[in-house]
Structure formats: structure tokens, C-alpha cells
Amino acid sequence: MSSHRISRSVSERVLNFTFDGRRYVGREGDTIASALLANGVRVMGRSFKYHRPRGPWGAWVDDPNAVMSVRLGTVELPNCPATTTYLEEGMVARSVNAWPSAQFDIKAGLDVFHRWLSAGFYYKTFMWPDWHLFEPMIRRMAGLGAVSDDVLENYVSEQTHDRCAVLVIGAGPAGLVAARKAAEAGEDVALVDDHRLLGGGVYQQKTLEGKTPDVWVAEQTAAITAAGGRILTATTAFGIFDHQLVGLVQQGAFGTAPKLIRMRAGRVVMATGALDRPITFANNDRPGIFSVDAAAEYLARYDVLLGRRIALVSNNTLADGTEARLTTAGATVIRIDPTTGALKARGSKRLKGIWQDDRLHSADTILASGGMTPTVHLWRHAGGKLDWCDNRQVFVPGKGPDFLTAVGAANGEFDIDAAIAKVREPETAIKTSYHMTPLWPQPGSKGRQWIDFQHDVTLKDVELAARENYVSVEHLKRYTTLGMAHDQGKTSNMAGLAAMAAIQDRPIPEIGTTTFRPPFVPVPIETYHGHHRGQNLHPVKRLRLENAHRAAGAALCEYGGWLRPGWYGAGEAKDRIRAEVLQARKAAGIFDGSPLGKIEVMGPDAEDFVNFVYYNTIATMKPGQIRYGFMLTEGGVVYDDGVIARLGPNRFVISCSSSHVDGVRNHLETWRQDGNDPDRIYVQDTTAHWATVTVTGPKARDIVAALLPNEDVSAKAFQHMTFIETEWQGTPIRVARVSFTGDSSFELSLRQSKAEDLWGAVKSLAEPMGAGLMGLEAMLILRAEKGFIVVGKDTDGETMPHDLGFGVPRSKKKAAFLGDRSLHTEKANTKVRNQLVGLQVEDDSGPLPTGAHLTNGDTRPKSQGYVTSSYLSPTLDQPIALAMVQNGAARMGETVTVWHLGETRNATICSPCFFDTDGDRLNA
Amino acid sequence: MQIFTCPSCGARDEREFHFSGELGKVRPNTTGEVNEEEWATYLHTQGNELGAVREVWMHMTCAELFVMERDSVTMEVLSTTPLRKDVS
Ligand SMILES: [Zn+2]
């Protein structure tokens, strides 16, 4: 075993776990990766494309290789990075993308074919005849891990909103000092760190300011807490969003959904540290090759020594300290300068050594460092610019937003003493001990040299992309998938863009970086939605009469945001709906119409205002009258239909569609305030104040007469499209004669609190007359039998009123109205507009499918419109359909082909009104 | 997530607001002749400037329209004022 735990006298809790079926023992505080390394296990996964054996490169979020599927009890999560998943007793970890195990992977044979699997391979190979032929096979072979079929019912993220004056991100030395300074200055400080154990890289130090690292950290945290600062551990700042919003995700026990904290910070200190970058050399992806920083972390945090004979390959001074500590821990360290000759790793699953030119250094472990890269992701999320530093060969934070500052290694200060001195006294000039020699990928060099480990992008792939003119780093990324793995290029982006710079012989800053986008680490989707799903995301609006409907056996369904009765009673839905339709046509149906909009428009300018927002002329209406009309958008498209009632000279009620109330109210408010004098018009949405019971059918008049014995509701005294205001049981009630069914109808509206009384009274008067309750499904059929439209169902985003047969205001209305000019464009006048028609079915195959296309019947059919509503009419005992079809009004009697999913039928274009075409029943 | 300040209600989450349009758009008088180009410009042409912009927004929970001056690049809100000049 090359990597192993250094024994310590401290007694620690032991944790049992398995990996690929074998049992291992780790200890409290381990990650899965550190525990496996302590057991000498290095092969932890297979690469994405070539199935090459892979072990961890890093010790934390930068690792691209060791992704696992982990089960604990009944919870299994795919995509767990072994380097950041803390070990728990009884964990069952499995390598992904490897079968049967990471050590022996059957698909490893793919590696032999690497010459044919270069960048753009999929794009080039699977084009003919159709990508979809190959997709299932490729999908099976690709991917990392499988999603469990079990739904994690309790995997719901808690979400909180929080604020602070100063948010310090990262509790390494610089972050701790910054947080302490701000807290002691009396500021409201929150300090977050993604580890459970604060301190960042401090444990790699022997001492800091004369103290051991744990004592030094304890002193800082005690001071921060004493000054009122808050500290959040295991919490990652994954993104900075608009208006200083920082997304924080806090990890709990394995299998519990992380908590989301939306932190609004007055000032943000970015102390996110730096990442060690790989050196690009032949076979640099072999298990047993780690970053120098990872080796130092595994030793300092987990007492794991990665090797016994270690080749340490570094171009910078940070390796010096690590070399000393590894030696002290018992390893033999061979120091190699990577800038002096070409490197090649020797060995496959078990590392044997490293060649430099012709010289072989035998070693069981290789540590590599190509220099440190500041972690500037959050800086870029916030819109900060990056500057190139030639001395350190890094992008460092440049000009940024005022609220954000970067300190420590994140700001390119890799020397801890210098970094904390600068946090304490920002003005002092600091001498840093960090030095490095530039070292970047060498295009044209031999062997397979990995740039992106997880997605198997090599230097040759970058060269190929450049030859094929994918020279922009954004194109390079998408063509080769470089930087698109779960690590999002933390180790590969710098190497990739440096390779592209070298190929083009341009300086690195000229090539630039790809866009840094949140999240910094993978965040489960559940964390973003939290409790906001289903009803909690989009609560339905509920009827006052819901309990009455339930008692009557209603099937409650969502219609336009409202929970409404679809039909009543047990049994087959279609039988119940049919019975309700027949009952309504024979006697009467009682229907809860409460969601219908009731938006009042009042004031001295109300008449002009409604006349402007309506397509139809409203100004000529008299109090007591009702008119059917359309509201259009400025583009002339039908936005809503409904009736408007004039209550008085300066008062109207707009009864818009149930699902459009909020939209219509916003629409009215916008025109009221922007373009009119808002002191002379008032708009009030009173929908929620009213309950409406609709009675429709031949017996409707008798029912209403019995309900309101003092009113003359005869057809002569109470005409269609008028309303009366009276009292019922001492409560004001508005009775409107409008009809959506073609039958004589009365809408009875009164205040919500009397809804149950009215419903009960109407029901008990109606039932002896053979009438009964009716749900929305029956209403939809009744209206379709009459050819009455539902906006958004029988109309689309191009439908204008004249397409529906309402052409008079377009040619006659003098006053300005919304959308008026749009009704006279070339497009509005064209002959091939879709117009509303009915369709008569010629065969015995039942109703036409809604959405079916109407064609001219050619072998290569072209759509001339589509079916918008289709039912089996109980009243007529035949299928009926409404459709929008090109130039439909002029094509009555024409036979058209109805095409649906490859099947065709014939239908004849007819008037959209199928029933009582003379309208005799309206006043019956 | 942005925070906008409704002149009537104060600072609120952006999800309570609805973009109404760029400030200063005047509806052509459609009782007279309006040529196609003029109408198309009114309907479809937006300034969509980078940097400081002035827009009309609605705070949907109180239904008040107001003018918001903001930076379309940095998303900084520069000012919010009632659309009505004479509001007390
Ligand atoms: Zn408001």
C-alpha cells in the first residue's frame, strides 16, 4: 500500500463502510476519498469517455475524478464527489461509469479506440442517417451514475432569507482575520466555509504567528463569536446574483437535502483561496498522481500520507514546505523540476515512476503543481473584471463592484503571512515569498496529455479543435466538452486556454477565460425549489362553495387556476357529463360561476376609458344593459372576451374570463395610470367578494321566479342582455341575463358570505322541476354546441375579432380603441387568415381529435388550420367540432381532410353554431 | 434576485413587479391617419439601451405604476419615482 494513515495516539471514532463491495474502516472527519486513501485504495472511478482508471487528483471541490454513487440506509445519491462527501457509518459507495468495479472495468477496452474518439467525434460520426438511431446506445454508454427510481419523499430543502453587513466567504487564514477585523469593528458579520473544520490551508503550516494551527483557528473563531459574528460551517457560497444576493448552500447529514440561504450582504469579502493546477504531461491522469496541495491537505487534515516514495514535480515555492512535511512524515521525496524536460508517468493502475526525458525516477506516487490559481468564480459572477499577473501566471481580481473585495490566495496572495498582514493593514506593501516559473502545455509534444480528466479531453483534442477553427475558448469548450464536467473546469480551464494561447502563439490574457456561471459546486435542483412545488408553487384559487360541491360528490379539477367542479356524482365521467348536459337542455343546470371576473371601473372618465379598452362600442350602452365584447392587445389580437354591464353613468362591471382576471386587472391599471388621469378613473377587482350562481335552461326562468317572487322575470319585462339589482333575504343581489349555453340563463350574484344560502335555495327549488347541478365540463359542451368560443382555446396568438365573425367595430367604430390600427394592416386584411368554423364529421369514428390539422389532402399535406374544440354532443347525439381554418367563412360546405398522427378522416366545414341556430331558446 | 423599491410600499422582491414598458412611449392618435411605419415603431421598436434606462413598472401587489431608473448592465436601481407627478 502506497498511501496510508499515519498512526496517531488520539482515539477516534471508527466508521465502517464499503466501496465496490469491499469492507473498509475510516474515521470520524474523513471524506470517502481520505478514508479510501488511508486504506491504500487509489482507483476510485473511470473516466467519462475512455474508461481510464482514475483516482482523486484533489482533496476537495477541485477533484474531477472520484465521483461515486453512495447509499446510506434507504437513501441512494448518485454524483457524490468522494473528496467532499463526509464518511458516515454504514455507507455503501460504488464507483460510477465502471462495471463491475473501478478496478476492473469491462469497457476499459474503449481506451484502445481513443484515436477514433477525438474531439467532435459524436458530431462527426453519428450524423447519418439520423442521430436518433445512435442516441440510445450512446446514452447507455455515457453518463456518470444512475438515478435511483425511488423518490426521496423527505428530500426537501429548507430555505431561508438572511442579511448581514459583511459576508466573509472562506475561513482560511485571510478569511478568519478579515471576519475578526470586521466583527471587532462592530459590524454584523457572517463567515461561511464549505468545510466542517474551519481553517482552510492553515493546517499545512507548522505554526502561524507562533501558535499551532488548531490553537490559532480556535482563537480567531472565539474572537469572531465574542464580537457577535456568526459562523456557518459546511456552507458553500455557490453564486453571487443581482443586488448583492449570495446563494449559500449548507450541507447536513448525508441524504438530507441541503439548506438554501439567500444571504443579502452589505459587503462581501471573498476569501475563497486558490486551487493547485495540474501539469500537462504524458499519462498525467494516472491514479496516484495528486496535486501538491492535495497531498498537503490529506496529510494535515486526515493524517494520510499519499505515498512512500514520492516524485514531487513543481514549478513553484509552495512545494518546499510540503516536501519537508512529507519527509518528516516518513516519505522519501524526489524533487523534479518540470521545466527542464518532458515528463511521462510510468505504470497504469499502479504507478511505477516518472520519466523525465530518458531518465526514470521510480516512485509509487507523483505530486504535481503547475502553480496556484486564485478561485475567482464569485468575482466573475458579480461582474468583476480579471487582470493578468505575469509574475504569478494567474488571473487575479481586477476592477470589481464596490461591495466586493478579494483577500488572501483568492487575490493572488499565496504567502499566508503576507496575506493576513495585508488584511490587517491593506495599505502596507507586502513582500511575498511565492515564486514560480511559467509552465504550460506544450503543443506538439508526445503522448496523451490530459487537460480535462473527467471528460477525457487531451492536449491533442485542443490542437484538433484549433485546426478545425474552434479557436475561441467558448467554442473550444463546447466542441471538446473541456470544462463541462461536474467540476466545471476548476482544474482544466487554465490548462485549456493556455494550450489554445500556445497553439495560436498569443498571450494568455488575449485568449481570455470562458464565462464563470453559478453554481460553484453542484447544487441539487431540490435546493432551489425547496417547498415550492405543486400546490406550494402555484396554489389554486378555491371556491367559497367548495364544501357544498364536495358534499354533492363533485369531481374537483383545476381550470384556469381555480379548483372547480368538473362534474358531479360517481360513475363514468363521460356518462355524468352527458347526463348534466341533457338535464340542462331539458330542464335546467345549476352552475357555480363565481370565478367569473367582476372588475369595476368607476369615475367621471370611466365611460371613455372602457370605450377605449374595448373593441366594441361601450359608450352607447345605457345603465342596466349588458354587452358582449372583446379586449384586444395593441397588436389587435383577441386578449379576452366577456360581458360588460353598465351599473350607472360612471360605473361599469367587466366580467372577464375566470382565468384572465389578474391579467385584465393589470392591463386596465396600466392604461388607467399611463395615458389617462388616474384621479378620474378607478379600477377595483371585486371578483373575490362575490359568489355567482348561474341557472340555465328552459326551466331557469321558473326557478328564478320562485326565488324572487316580487320580481317580474318574464321574457318581456326582463330582457336578454340586461340585469336587475334587487334583494334576496335582505341581501343585495344582482341578476344578469346573459347566456353561455344558448338557453335562457340567469346569473345570480351576491356577496360571498351568502353563497351557501343561495346555492341551497336554488338547488331545492330546482330539483322538483327536474333540474340539477352541472359542472364545468357540461358547460364547455353546451357552449360548443352554440359555437361560443373560449379565448386561448378556440383562438390563438394571431386571432383578431373579424376572424371570429365580429367585424363591425373594426369598420364602424369612430373612437380610438386598443389595437385599432393593427386591425388595418396588410396582414389583418389578408384572405388566408384562420377563421372560426364548425366541422361536421362524415364517418362513424366519433369526435375529431382536438388539435388535429386540417389539410387539402395532398400526399405531402400542408396545414390549413386545426381543430380547437371537439365533443360528442349529447343534445344532438353527434360529434361536433370548432376549428380555425384558412379563409374558413368562405368555405362553408367544403370537405377537408383532418390529419392526426398520420391518420386521416374527412369533415365538412359548417357554421360554428350547431344548435338552435335561430336563437329561439334564448327567450323560451 | 433583485430588490425594487415601490414608491408606495418600499423595498420588495422583484417577483412582485411587472415590466410595463420603456418610459416616454406615446401612443399615436389613431382617430387620425397613422402610417404603417409609425405604428410598427410604436408597437415593436424598443431602445433597449446599455446602461442607464428609464422604464415604467407596476408593483402588482398595490397596482401602482412607477418610473424606475436603473442600469441595465449592473442591474443597479438608480431611482424609483411615482408615475404621477402630483402624488402626495
Ligand atoms: Zn407598491
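Just so it is clear, the model here is predicted, and its values are computed rather than measured.

Basis of the calculations
Residues numbered from 1 in each chain as written. Chains lettered and ligands numbered in written order. Predicted model: local features only at pLDDT ≥ 70, side-chain atom pairs only at ≥ 80, totals over all residues. Heavy atoms only, no water. Contact = heavy atoms within 4.5 Å. Buried area = accessible area lost by both parts, 1.4 Å probe. Salt bridge = Lys/Arg side-chain N within 4 Å of Asp/Glu carboxyl O. Polar contact = N/O pair within 3.5 Å; in protein donor to acceptor, adjacent residues only side chain to side chain. Helix = DSSP H or I, 4+ residues; strand = E, 2+ residues; numbered from the N terminus. Donors = N, O, S within 2.8 Å, 3.2 Å for Na, K, Ca; no water. Tetrahedral: all angles 85-135°; square planar, octahedral: opposite > 155°, others 65-115°. Axes fitted to C-alpha atoms, helices over the stretch in contact; angles between N-to-C directions. Parallel < 35°, antiparallel > 145°, perpendicular 65-115°, else oblique. Left-handed = near helix turned anticlockwise from the far one by under 90°. Buried < 20%, exposed > 50% of the residue type's maximum accessible area, 1.4 Å probe, protein only. Nonpolar A, V, L, I, M, F, W, Y, C, P; charged D, E, K, R; others polar.

Student: Any chance you could explain the interface of chain B and chain A here in plain terms?
Tutor: Often, the extent of an interface is quoted as the loss of accessible area on bringing the components together. Across the boundary between the two partners, chain B contributes 26 residues, which contact 31 residues of chain A. Across the chain B/chain A interface, buried area totals approximately 2200 Å², and carbon plus sulfur atoms make up 49% of it. The largest share of the area that chain B buries against chain A comes from B:M1, B:R27 and B:R84, three residues that together contribute 25% of it. For the pair chain B and chain A, the number of links is four salt bridges. For B:E36, the salt bridge identified is with A:R821, shortest N-O distance 3.4 Å. Connecting chain B to chain A are 15 residue pairs in polar contact (both at pLDDT 80 or more). Counting residues per element, the ones that place at least two in the side of chain B that touches chain A are β1 (3–6), α1 (36–44), β4 (52–59) and β5 (64–71) of chain B.

Student: Teacher, can you tell me more about the coordination of the zinc ion here?
Tutor: Each pair of donors in an ideal octahedron of six around a metal sits at 90 or 180 degrees, and each pair in an ideal tetrahedron of four sits at 109.5 degrees. Residue and element names in this part refer to chain B. Here the zinc ion is held by the protein donor atoms C6 (SG), C9 (SG), H59 (ND1) and C62 (SG), which lie 2.0 to 2.3 Å from it. Considering all four donor atoms around the zinc ion, angles at the metal cover 107 to 113° and the coordination shape is tetrahedral. Donor residues binding the zinc ion come from one chain and are separated in sequence as C-x2-C-x49-H-x2-C. Remark: C62 occurs in the loop between β4 and β5 and C9 occurs in the loop between β1 and β2 (10–13); sequence separation between them is 53 residues.

Student: Looking at this structure, how should I read the packing of helix α16 (residues 573–586) of chain A against helix α21 (residues 776–785) of chain A?
Tutor: Each pair of packed helices can be summarised by the angle the axes make with each other and by the distance between the axes. All names here are of chain A. One can describe the packing of α16 onto α21 by two numbers: an axis separation of 9 Å at closest approach and a directional angle of 55°. One way to sum up the angle between α16 and α21 is to call them oblique. For the element pair α16 and α21, the recorded crossing hand is right-handed. Listed contacts from α21 to I577, E580, V581, A584 and R585 of α16 are E777, A778, I781, L782 and E785.

Student: Could you clarify how one ought to interpret the side chain of A:E297 in this entry?
Tutor: Residue and element names in this part refer to chain A. Structurally, E297 is set in helix α6 (residues 292–302). Assessed through its relative accessible area of 8%, E297 is described here as buried. Contacts of E297, omitting those with residues within four sequence positions, involve A59, G200, G201, Q204 and Y302.

Student: It is not clear to me how the packing of helix α4 (residues 173–184) of chain A against helix α9 (residues 416–424) of chain A should be interpreted in this structure. Could you clarify?
Tutor: All names here are of chain A. Contact pair α4 / α9: the axes reach a minimum separation of 9 Å and the direction vectors enclose 20°. Between α4 and α9, the angle falls in the class roughly parallel. Crossing of α4 against α9: the hand is right-handed. Along the contact surface, α4 presents P173, A174, V177, A178 and K181, while α9 presents I416, I420, V423 and R424. Residues that form the contact of α4 with α9 fall into these classes: seven nonpolar, no polar and two charged.

Student: How should I be thinking about the pattern of salt bridges in this particular structure?
Tutor: In a structure, side chains of opposite charge can pair up when their charged atoms sit close to one another. Residue and element names in this part refer to chain A. Considering all chains together, one arrives at 47 salt bridges over all chains under this definition. We note a salt bridge from E158 to K259, for which the minimum N-O separation is 3.9 Å. Taken together, the residues span a long stretch of sequence, with E158 in the loop between α3 (131–141) and β9 (159–169) and K259 in strand β14 (residues 259–270) at a distance of 101 residues. Of the residues examined, K259 reaches a relative accessible area of 23% and is grouped as partly exposed. A salt bridge links R833 to D803; the shortest N-O distance between them is 2.9 Å. Of this pair, R833 sits in the loop between α23 (826–829) and β44 (834–841) while D803 sits in the loop between α21 and α22 (808–812), and the two are 30 residues apart along the sequence. By relative accessible area, which is 9% here, R833 ends up buried. For D803, a relative accessible area of 2% corresponds to the buried category.

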